[in-house]
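# Close look at the chain arrangement
Given next are the chains, with one letter for each unit.
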Amino acid sequence: MMYENSLDFARQLDANDPLRSFRERFHSPRQAGKSLIYLCGNSLGLQPKTAREALERELDTWQNLGVEGWFHQAEATEQPWLSYHESCKADLAQIVGAEPSEVCPMNALTVNLHLLLASFYRPTEKRYKILTIKGDFPSDQYALETHVKHRGLNPADTIIEIAPRPNDRLIHVTDIQHALAEHADELALVWMSGLNYYTGQLYNMAAITETVRQHCRRGNGRSQWDIPVGFDLAHAIGNVPLQLHDWGVDFATWCSYKYLNGGPGAVSGVFVHEKHHDKNLPRLAGWWGYREDERFAMTPGFVPASGADGWQVSTPNILALALHRTSLRITAEAGMTALRQKSQRLTGFLAHILAPFTDIQLLTPDDPNQRGSQLSLLVRKDGKVLFQHLTAQGIIGDWREPDCIRLAPAPLYNSFEDVWRVGEALTQFFQTRKEGV
Ligand SMILES: *Cc1c(COP(=O)(O)O)cnc(C)c1O
């Protein structure tokens, strides 16, 4: 697409945007009576206008039915709490490209990662290493280290981190493929982000998963083995189309407060591929993961529910699930194909707007297929001052030490005009600075 840096052009794109009505379904944060330009949906998505009502409905049920809310609802069309999680499944499955039985909303991301590592990190004497990416989210690194130590191993010679090449902040898929080839014989697990939170780089999850499978199939006279591949989808879910089932990804988890707009600390979710459902994998079990039809028999000896549900541990937080469910609906209704199309245009427009500013470099790849909604701006000189200027102009992004501003136009509620205004604020900043010297 050819872009023009003008307000008319931006407004024309907005007028032709098939998703433009979705903006009205969110509350826009305000300051001093003015709407802010919110480009921080990669950190905390905005509040859907249906959130309050969804919450109040469950508060009413609690108020009116008490414990009976687990089995009944005030309105027959509503979901009793006992099966409430099931009413999120169709939308979740659509958004991550899975079967409904492969997904379950639960807990928070890092908690889920611990649960999944307990099942999928199965080191043996020969095969115990974990391949991951240097510079991925620290919480994931802590979780990986925990599991390595719990099995009596030393993180330093167990966790292999693929680092960017010198003078580069990106990871090349070929580097991942080389590392896989080099270490295939000793690997027990591959775990990485699908989209890097800092650089905004989107990895080719299909290619990475397929490469791992090829190494497993190759065999070389050895018996067949499998190296589970898992992804942290915190920044990928609701941002880029996913086909977890078809890609053959073994497991994944995500958070729902970023692009899914589920609210601060929203319920996370897990994906466990169908091929693992009947294996009775070891896990950190709790009663909520017990076969649903017999859970309340309260018998000793854990029998997991089939599918991703079998990884649940505790009673779900219904109020949080209500927020999650209502926001999921919006993303599913818009559909990832339409969202991706608008996102690529919005982000492309932002890249076009940023291009003339020579003091700003992009950390995020230029290639639209290697990024989602976020652009990470590397500002070597006075980055923090620039960030403060943008904030004062009502443009909300986020600042990452020492030199990075992240801006993420979200296709559900950001407009092309929002993006155009960023250019205006930048022009003003650099103009004033030039005049100042
Ligand atoms: C936001 C984020 C998390 C957050 O983890 P929580 O357990 O939900 O606090 C984890 N991983 C990545 C990559 C993230 O971006």
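On a predicted model such as this, the values are computed, not experimentally measured, just so you know.

Let us look at the site of the ligand. The environment of the ligand is formed by Leu109, Thr110, Phe137, Asp140, Tyr197, Asp232, Ala234, His235, Cys255, Tyr257 and Lys258. Contact between the ligand and threonine 110: an oxygen atom at 2.6 Å from a side-chain N or O atom of the residue. At 2.8 Å, a side-chain N or O of tyrosine 257 approaches an oxygen atom of the ligand. Its residues placed into classes, the shell around the ligand shows six nonpolar, two polar and three charged.

Another aspect to go through is a negative patch on the surface. There is a patch of like negative charges on the surface, built from Glu99, Asp246, Glu274 and Asp278. Among the secondary structure elements, aspartate 278 is positioned in the loop between β10 (269-272) and α9 (318-334). The class of aspartate 278 is exposed, set by a relative accessible area of 76%.

This part covers the sheet that holds strand β14 (residues 398-400). Read across the open sheet, the four strands follow the order β11-β12-β15-β14; overall the sheet is antiparallel. This sheet does not close on itself; its edge strands, each paired only once, are β11 (361-362) and β14. As defined by bridge partners, β11 adjoins strand β12 (residues 375-378) across two bridges and the pair is classed as antiparallel. The residue bridging glutamine 361 from the neighbouring strand is leucine 378, located in β12.

A few words on a nonpolar patch on the surface. Taken together, the side chains of Leu59, Trp62 and Leu319 define a hydrophobic patch exposed on the protein surface, amounting to about 290 Å² of accessible area. Within the secondary structure, tryptophan 62 is located in helix α2 (residues 51-65). Residue tryptophan 62 is classed as exposed on the basis of its relative accessible area of 55%.

Before going further, it helps to spend a moment on the domain arrangement of the protein chain. Here the protein chain is described as being made up of domain 1 (7-47 + 335-435) and domain 2 (61-333). Computed from C-alpha coordinates alone, the two centres of domain 1 and domain 2 are separated by 30 Å. Contact residues are listed per partner, giving 34 residues for domain 1 and 26 residues for domain 2. Overall, the association of domain 1 and domain 2 removes approximately 2,500 Å² of surface from exposure, summing both partners, and the carbon and sulfur fraction of that is 56%. Sorting the residues of domain 1 by area buried against domain 2 places Arg25, Met336 and Leu363 first, and these three jointly supply 22% of that buried surface.

Cis geometry is adopted by the peptide bond preceding proline 402, which originates at glutamate 401 and carries an omega value of 0°. Here the phi dihedral of asparagine 107 falls at roughly 55°; this positive angle occurs in a residue that is not glycine. Position of asparagine 107 among the secondary structure elements: in the loop between β4 (103-105) and α4 (109-120). With phi around 55°, aspartate 382 is a residue other than glycine that occupies positive phi space. Following the sequence through the fold, aspartate 382 ends up in the loop between β12 and α11 (383-392).

A separate point is the pairing of β12. With burial as the criterion, each face of β12 is covered, one bearing Leu375 and Leu377 and the other bearing Ser376 and Leu378. Direction of pairing for β12 relative to strand β15 (residues 404-407): antiparallel, over a ladder of four bridges. Note that in β15 the partner of leucine 378 across the bridge is cysteine 404.

Its location among the elements puts lysine 129 in strand β5 (residues 129-133). With relative accessibility at 14%, the residue lysine 129 sits in the buried group. Taking the C-alpha atoms as reference, lysine 129 lies 8.9 Å from valine 148; in sequence the two are 19 residues apart. Excluding anything up to four places from it in sequence, lysine 129 contacts Asp157, Thr158, Ile160, Glu186, Leu187, Ala188 and Leu189.

Quick notes on the rules
- Residues numbered from 1 in each chain as written.
- Predicted model: local features only at pLDDT ≥ 70, side-chain atom pairs only at ≥ 80, totals over all residues.
- Heavy atoms only, no water.
- Near = heavy atom within 4 Å.
- Polar contact = N/O pair within 3.5 Å; in protein donor to acceptor, adjacent residues only side chain to side chain.
- Nonpolar A, V, L, I, M, F, W, Y, C, P; charged D, E, K, R; others polar.
- Patch = residues over 30% accessible without salt bridge, like charges linked within 9 Å, V, L, I, M, F, W, Y side chains within 5 Å.
- Areas by Shrake-Rupley, 256 points an atom, 1.4 Å probe, with all protein chains shown as cover.
- Salt bridge = Lys/Arg side-chain N within 4 Å of Asp/Glu carboxyl O.
- Lys, Arg positive; Asp, Glu negative; His and termini not counted.
- Charge placed at Lys NZ, Arg CZ, Asp CG, Glu CD.
- Helix = DSSP H or I, 4+ residues; strand = E, 2+ residues; numbered from the N terminus.
- Buried < 20%, exposed > 50% of the residue type's maximum accessible area, 1.4 Å probe, protein only.
- Pairing = 2+ DSSP bridges.
- Domains from an automatic or database assignment.
- Contact = heavy atoms within 4.5 Å.
- Buried area = accessible area lost by both parts, 1.4 Å probe.

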